[in-house]
Amino acid sequence: MKVLVTGGAGYIGSVTAERLLAAGDQVTVLDDLSQGHRAAVPAGADFVQGDAGDRPLVERALRERGIEAVMHFASFSLVGESMQRPFKYLRGNTATGLSLLEAMAECGVRRFILSSTANLFDKPGRIPVAETEPVVPGSPYGESKHALERALKWLERINGLRYAALRYFNAAGATAERGEDHHPETHLIPLVLKTAMGKQEKVVIYGDDYPTRDGTCVRDYIHVSDLARAHILALRALDRGSLVYNLGNGRGFTVSEVVETAREVTGREIRTEVGSRRPGDPAELVASSERIRKELGWEPEHADLKSIISSAWEWHSSHPDGYID
Ligand SMILES: NC(=O)c1ccc[n+]([C@@H]2O[C@H](COP(=O)([O-])OP(=O)(O)OC[C@H]3O[C@@H](n4cnc5c(N)ncnc54)[C@H](O)[C@@H]3O)[C@@H](O)[C@H]2O)c1
């Protein structure tokens, strides 16, 4: 299939582009490089530098390349920043997504996959979190993804769009050639590994008095290759109907377990310091991925923490300064 991947120079988008190419699909990456890296775009993909909200540019790309499906990774994605700069998220992410969808409607492209988020579930009543859990966004970031999910329902009804909303929990790990290189980095595993490499002094653990097995927060880490595979399975299944899935590996690990496993994998010292809780951080957030397992036969191939951290460590060790653009 001919697939447009917005945000395909970023972490999850570039790995998905790599996997689409390996599966024989034709890939065009559209990225403004505000966060991503030109070097992350796989060699076999076409690259268009630009804004996913630029209607004329997107329509040209859709028409000239005969695009049949769009995977939309491009987004502002920092929960904390969205609490400081709500309009950037409420307007920015929503307007970009709607403009992209409008361009698709204009060009008759009817398959769409949205990168949605666990931040739709602020204080879930039940862990693991299933798709039946009521959506209560935890921030303007989560709200912007929810707004797009709701728009998708209308576009399905009115325009016959087929969509998948994939709500990822914490993406982690790397392939041999592609890994996580965000500026600023806010994700735990790369921060822990940067500390192991001596690039930062210590890891701050935000709270060790949660009602969990060791007092630190429990999160669900899903390997980026498993996420990419879920996108491809969803893409192939879209012709049977639209899909909404929570995506995690279904097992939770505490912050202390992540640090301890990273010590074991790297053989390095990793200093930690306990800070105060961050407002809005739930004690435990673990996905139920039962629905996608049952419906699409998806299974995580890298569900254990050690293999997730080992793959990230290999990438960071071979790219000590991240991508060189
Ligand atoms: N990383 C996670 O753990 C996680 C969890 C849940 C959801 N998500 C969602 O998954 C998606 C990908 O996340 P990621 O970690 O790969 O992020 P990322 O920042 O690495 O990648 C996003 C890419 O989009 C590009 N981009 C941003 N705005 C753009 C625009 N208007 N036009 C064109 N390109 C633009 C950036 O340059 C970057 O390359 C995001 O939508 C994010 O909200 C990520």
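Residues numbered from 1 in each chain as written. Predicted model: local features only at pLDDT ≥ 70, side-chain atom pairs only at ≥ 80, totals over all residues.

## So, the domain arrangement of the chain
In terms of domain boundaries, the chain breaks down into domain 1 (2–172 + 222–247) and domain 2 (188–219 + 251–318). Distance between the C-alpha centres of domain 1 and domain 2: 24 Å. Taken together, the contact pairs 23 residues of domain 1 with 20 residues of domain 2. Those elements that place two or more of their residues in the side of domain 1 that touches domain 2 are strand E7 (170–172), strand E9 (218–223), helix H8 (224–237) and strand E10 (243–247). When residues of the side of domain 1 that touches domain 2 are assigned to their parent elements, the largest contribution, seven residues, is made by H8. Here the residues of the side of domain 1 that touches domain 2 are counted per class, giving 14 nonpolar, five polar and four charged. (Domains from an automatic or database assignment. Contact = placed C-beta atoms within 7 Å. Helix = DSSP H or I, 4+ residues; strand = E, 2+ residues; numbered from the N terminus. Nonpolar A, V, L, I, M, F, W, Y, C, P; charged D, E, K, R; others polar.)

## As for the site of the ligand
Taken together, 28 residues form the shell around the ligand, and within it Gly7, Gly10, Gly36, Ala74 and Ser75 come nearest. Those elements giving two or more residues to the shell around the ligand turn out to be helix H1 (11–22), strand E2 (26–31), strand E5 (111–117) and E7. Take the shell around the ligand: its biggest share by element is three residues, from H1. By residue class, the composition of the shell around the ligand is ten nonpolar, 15 polar and three charged. (Near = placed C-beta within 6 Å.)

## With respect to helix H7 (residues 188–196)
Counting buried positions along H7 gives eight out of nine residues, so the element sits mostly inside the fold. One or two steps after H7, the chain reaches Gly198, where phi turns positive at roughly 80°. (Buried ≥ 20, exposed ≤ 12 C-beta atoms within 10 Å, placed from the backbone.)

## A closer look at the pairing of strand E6 (residues 162–168)
The buried fraction of E6 amounts to seven of the seven residues, a majority that puts the element mostly inside the structure. Here E6 shows a buried face lined by Arg162, Ala164, Leu166 and Tyr168 and a second buried face lined by Tyr163, Ala165 and Arg167. Here E5 pairs with E6 via seven bridges, running parallel. The residue bridging Ile113 from the neighbouring strand is Ala164, located in E6. (Pairing = 2+ DSSP bridges.)

## Regarding the sheet that holds strand E3 (residues 46–49)
Reading across from one edge, E3-E2-E1-E4-E5-E6-E10 is the order of the seven strands in this open sheet, with parallel pairing throughout. A single partner strand is all that each edge strand has here, and the edge strands are E3 and E10. The sheet shows a mean angle of 15° between the axes of neighbouring strands, taken without regard to direction. Note that strand E1 (residues 2–6) and E2 share five bridges and pair parallel. Looking at E2, one finds that Thr6 is bridged to Leu30. (Axes fitted to C-alpha atoms, helices over the stretch in contact; angles between N-to-C directions.)

## What to know about the packing of helix H9 (residues 255–266) against helix H11 (residues 305–318)
At a minimum axis distance of 9 Å, the contact between H9 and H11 shows a crossing angle of 60°. The orientation of H9 with respect to H11, classified from their angle, is oblique. For the element pair H9 and H11, the recorded crossing hand is right-handed. Touching Glu257, Val258, Thr261, Ala262, Val265 and Thr266 of H9 are Leu305, Lys306, Ile309, Ser310 and Trp313, all from H11. Split by residue class, the contact of H9 with H11 holds six nonpolar, three polar and two charged. (Parallel < 35°, antiparallel > 145°, perpendicular 65-115°, else oblique. Left-handed = near helix turned anticlockwise from the far one by under 90°.)

## Focus: H8
Structural remark: α-helix, 3.6 residues per turn; residues separated by three or four positions point the same way. Along its 14 residues, H8 runs 20 Å from first to last C-alpha, staying within 8% of the 20 Å computed at 1.5 Å per residue. Of all 14 residues in H8, eleven are buried, a share of seventy percent or more. Residues Val224, Ser225, Asp226, Leu227, Ala228, Arg229, Ala230, His231, Ile232, Ala234 and Leu235 constitute the buried set of H8. (Expected span 1.5 Å × (residues − 1).)

## Some details on unusual backbone geometry
Residue Pro128 is bonded to the preceding Ile127 through a cis peptide linkage, with omega at -5°. Turning to its location among the elements, Pro128 is positioned in the loop between E5 and helix H6 (140–159). At the junction of His183 and Pro184, the peptide bond is cis and its omega measures out at 0° in the coordinates. Note on placement: Pro184 falls in the loop between E7 and H7. The backbone phi angle of Leu33 is positive, close to 60°, even though this residue is not glycine. Looking at the element boundaries, Leu33 is found in the loop between E2 and E3.

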